[in-house]
Amino acid sequence: MLPDLVLGKLAALAVLSPAVAFAALGAFLLLLRTPSERVVSGVVQSSLAISLAASLVVWGSSVAAPYAFLPVELGHWFEASGYSFDVILLVDRLSATMMVLVSLIALVAGRFSVAYLHREAGFARFFLLLALFSTGMLALVSAGSIDLLFAGWELVGVTSVLLVAFFHERAAPARAALRVYVTYRLCDVGLLVGVVLMHQIAGSTHFGEVFGGAAWPGTAAAINGSGATALALCLFLAAMGKSAQFPVGSWLPRAMEGPTPSSALFYGAISIHAGVYLMLRAAPVLERSPAASAVVAVVGALTAVHGTLVGRVQADVKSALAYATMSQVGIMFVEIGLGLYWLALVHLFAHACLRCLQMLRSPSALRDAQEIRAAHAGDPLPRLGIAGRVLPAPLVRRAYWLALERFHLEALQQRFIAAPLMRLGQAVDRLERRWVAALSGVAERHPGGARDDGRAHGERAGAAAPAGAPASVGVAASTVDAKGARS
């Protein structure tokens, strides 16, 4: 067993190593020029290797002392109005296991990306985002307070959206990234409210004070029933968005527009399990709220059924893997709702490793594509598995049609959530433009270049030349005004 001081420094090294790589490469790119692919990948992979080595030592120490619960204070950021923000890490069995998983998968995905993205225009951008994601995810899983967890949570969300839109030259990745962003923003409200609730109910946001100092999964939290239920449901709302649970999980197959390494890293192995980790960390609160535990289990079961039915009828391997991932994560939530926290952690680790391998080999999965094509050429009923053998044929065919349409969840979310939010944003943008124009005393210009004061029409028609001026001057002025109106 290592001394607490050494253990704390190793945990901090694991989190800060990719952050240093991101800062160094980012500064070099801004101030000088883009380095070679070997330099970019070497710096990021070296930082991830250091993070993995430190995480393995921390994990070995936590296994040697299974009752360890070590808060590591890295500093104090600010304190105002009775609220303090402390940068504090937590070393225990849960965080150490997740640190090893995150650094290992990130290193494997980074090594795969060296060849996969060779000569790609966004090569340096990808590795910068990989370093930033690793920093955020390591901070999330090792956070000793919900404040730091929220910071890491947001870094993971930002890098996720940016990597979905990695091939921004095409319209489809940009639209998919927008869908991911809208879902994240809506569900992350739950985590933000949970931060406020934890501070107001428990008087602290430190996990050691709110959940107790016992080793994970610990004992029941010192929070009353209604407070524990409200806090657990808020945290679960955030977990639903990040882990693509029913009914907000339709963004997951769209997120496959990003590069295959990012799909494996985010939606096969690491980011998709962030919600599972959040609920595992909140296990003491779930112990105080049977109602919240029941909600977690029911939503997880619905997600598992939905993901299984829809995934069986997908015609491309990445979408099939996305829905298979959704189903397995739903089962993990069922395990958490039933109080099987250790089983959920083992399931998480094994599933992340398996799904990462499947995602990375998906571009060359020709045999898988041939099997899917052959299956669609025959009777569709066996595609639904046991449901095709147990339920009546008319009901099974109806379920098959609904699965092909993905139960219309995407259309419903587009119509009732995404589209109204986009219209609201556009209306607010128009209102802001008019307000700024009124305050500045300048006529508002529309995107086409026309002005609101009614003078644009006259300007586009061409102003008359002054008396005595040659006719060519008037023609030139009219031409210039017409070009300005068109611009």
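A. A look at the side chain of Ser55. Following the sequence through the fold, Ser55 ends up in helix α2 (residues 37–64). Its relative accessible area of 1% is what places Ser55 among the buried residues.

B. Quick peek at the environment of His273. Mapped onto the secondary structure, His273 falls in the loop between α10 (260–269) and α11 (274–281). Counting along the chain gives 30 residues from His273 to Ser243, while the straight-line C-alpha distance between them is 6.0 Å. Setting aside residues no more than four positions away along its own chain, His273 makes contact with Ser243, Gly268, Val329, Met332, Leu348, His351 and Ala352.

C. Highlighting the side chain of Lys242. Following the sequence through the fold, Lys242 ends up in helix α8 (residues 225–242). An unpaired buried charge is present at Lys242: no salt bridge exists, and Asp188, the closest side chain of opposite charge, is 4.5 Å distant. If near-sequence neighbours (up to four positions away) are discounted, Lys242 is found in contact with Trp153, Val156, Gly157, Tyr184, Trp251, Ser271, Ile272, Ala274 and Gly275.

D. Just a nonpolar patch on the surface, in detail. A cluster of nonpolar residues, Leu186, Leu412, Phe416, Ile417, Leu421, Leu424 and Val428, forms a patch on the protein surface that exposes about 610 Å² of accessible area. Element by element, the count of residues in the nonpolar patch is highest for helix α19 (residues 409–440), at 6 residues. Within the fold, Phe416 resides in helix α19.

E. Representation of the confidence of the model for the protein chain in the model. Mean pLDDT over the protein chain works out to 82, with 81% of the residues at or above the 70 mark. For the protein chain, the element scoring lowest by mean pLDDT is helix α21 (residues 471–486), at 41; α11 scores highest, at 95. The low-confidence segment residues 447–487 (pLDDT under 50) makes 24 contacts with residues lying over four places distant or belonging to another chain.

F. Structural view of the packing of helix α6 (residues 171–202) against α19. It is at 11 Å that the axes of α6 and α19 come closest, and there the two elements cross at 80 degrees. On the basis of their axis angle, the class for α6 and α19 is roughly perpendicular. Of α19, the residues touching α6 (which contributes Leu178, Arg179, Val182 and Leu186) are Glu410, Gln413, Gln414, Ile417, Ala418, Leu421 and Met422. Among the residues making up the contact of α6 with α19, the classes are represented as 7 nonpolar, 2 polar and 2 charged.

G. Quick peek at α11. Within α11, 8 of the 8 residues are buried, which leaves the element mostly enclosed by the surrounding structure. Looking at α11, one finds that the buried residues are Ala274, Gly275, Val276, Tyr277, Leu278, Met279, Leu280 and Arg281.

H. Up close: the packing of aromatic side chains. As enumerated under the stated definition, the model contains 12 aromatic pairs in all. For the pair Phe112 and Tyr116, a centre-to-centre distance of 5.6 Å together with 25 degrees between the ring planes defines the contact as stacked. Of this pair, Phe112 and Tyr116 both sit in helix α3 (residues 93–116), separated by 4 residues, roughly a single helical turn. Since its relative accessible area comes to 37%, Tyr116 is described here as partly exposed. Between Phe236 and Phe333 the ring centres are 5.6 Å apart and the planes differ by 75 degrees, which places this aromatic pair in the edge-to-face class. One end of the pair, Phe236, is in helix α8; the other, Phe333, is in helix α14 (residues 317–337), with 97 residues separating them in the sequence.

I. Summary view of the state of the cysteines. All chains considered together, the criterion is met by 0 disulfides. Cys356 forms no disulfide, and the closest cysteine sulfur to it belongs to Cys353, at a distance of 7.6 Å.

J. Local environment of the layout of surface pockets. What the second largest pocket holds in volume is close to 220 Å³. Considering the residues around the second largest pocket, the lining is formed by 14 residues, among which Val15, Trp77, Val87, Ala139 and Leu148 are closest to the centre. Put simply, the parts of the chain that give the lining of the second largest pocket at least two residues each are α1 (4–31), β1 (70–80), β2 (83–91), α4 (123–142) and α5 (146–164). Here the lining of the second largest pocket takes 4 residues from α5, the largest share from any one element. Here the residues of the lining of the second largest pocket are counted per class, giving 12 nonpolar, 2 polar and no charged.

K. Representation of the pattern of salt bridges. Enumeration according to the criterion identifies 5 salt bridges in this entry. Across the pair Arg281 and Asp92 runs a salt bridge, and its minimum N-O distance is 2.9 Å. In this pair, Arg281 sits in helix α11 while Asp92 sits in the loop between β2 and α3, placing the two residues 189 residues apart along the sequence. Comparing Arg281 with Asp92 shows no difference in burial state: the two are buried. Put simply, Asp188 and Arg185 hold a salt bridge, and the shortest N to O gap is 3.1 Å. Remark: Arg185 and Asp188 occur in helix α6; sequence separation between them is 3 residues, near one turn of the helix. Assessed through its relative accessible area of 34%, Arg185 is described here as partly exposed.

Procedures and definitions
- Residues numbered from 1 in each chain as written.
- Predicted model: local features only at pLDDT ≥ 70, side-chain atom pairs only at ≥ 80, totals over all residues.
- Heavy atoms only, no water.
- Helix = DSSP H or I, 4+ residues; strand = E, 2+ residues; numbered from the N terminus.
- Buried < 20%, exposed > 50% of the residue type's maximum accessible area, 1.4 Å probe, protein only.
- Contact = heavy atoms within 4.5 Å.
- Lys, Arg positive; Asp, Glu negative; His and termini not counted.
- Salt bridge = Lys/Arg side-chain N within 4 Å of Asp/Glu carboxyl O.
- Patch = residues over 30% accessible without salt bridge, like charges linked within 9 Å, V, L, I, M, F, W, Y side chains within 5 Å.
- Areas by Shrake-Rupley, 256 points an atom, 1.4 Å probe, with all protein chains shown as cover.
- pLDDT = per-residue confidence, 0-100.
- Axes fitted to C-alpha atoms, helices over the stretch in contact; angles between N-to-C directions.
- Parallel < 35°, antiparallel > 145°, perpendicular 65-115°, else oblique.
- Nonpolar A, V, L, I, M, F, W, Y, C, P; charged D, E, K, R; others polar.
- Phe/Tyr/Trp six-rings, centres within 6.5 Å; stacked < 30°, edge-to-face > 60°.
- Disulfide = S-S within 2.5 Å.
- 1 Å grid on protein atoms, 1.4 Å probe; cavity = no way out; pocket = protein on both sides within 12 Å on 5 of 7 lines; lining within 4 Å.
- Points joined across faces, edges and corners; volume = space filled by probe spheres on them.

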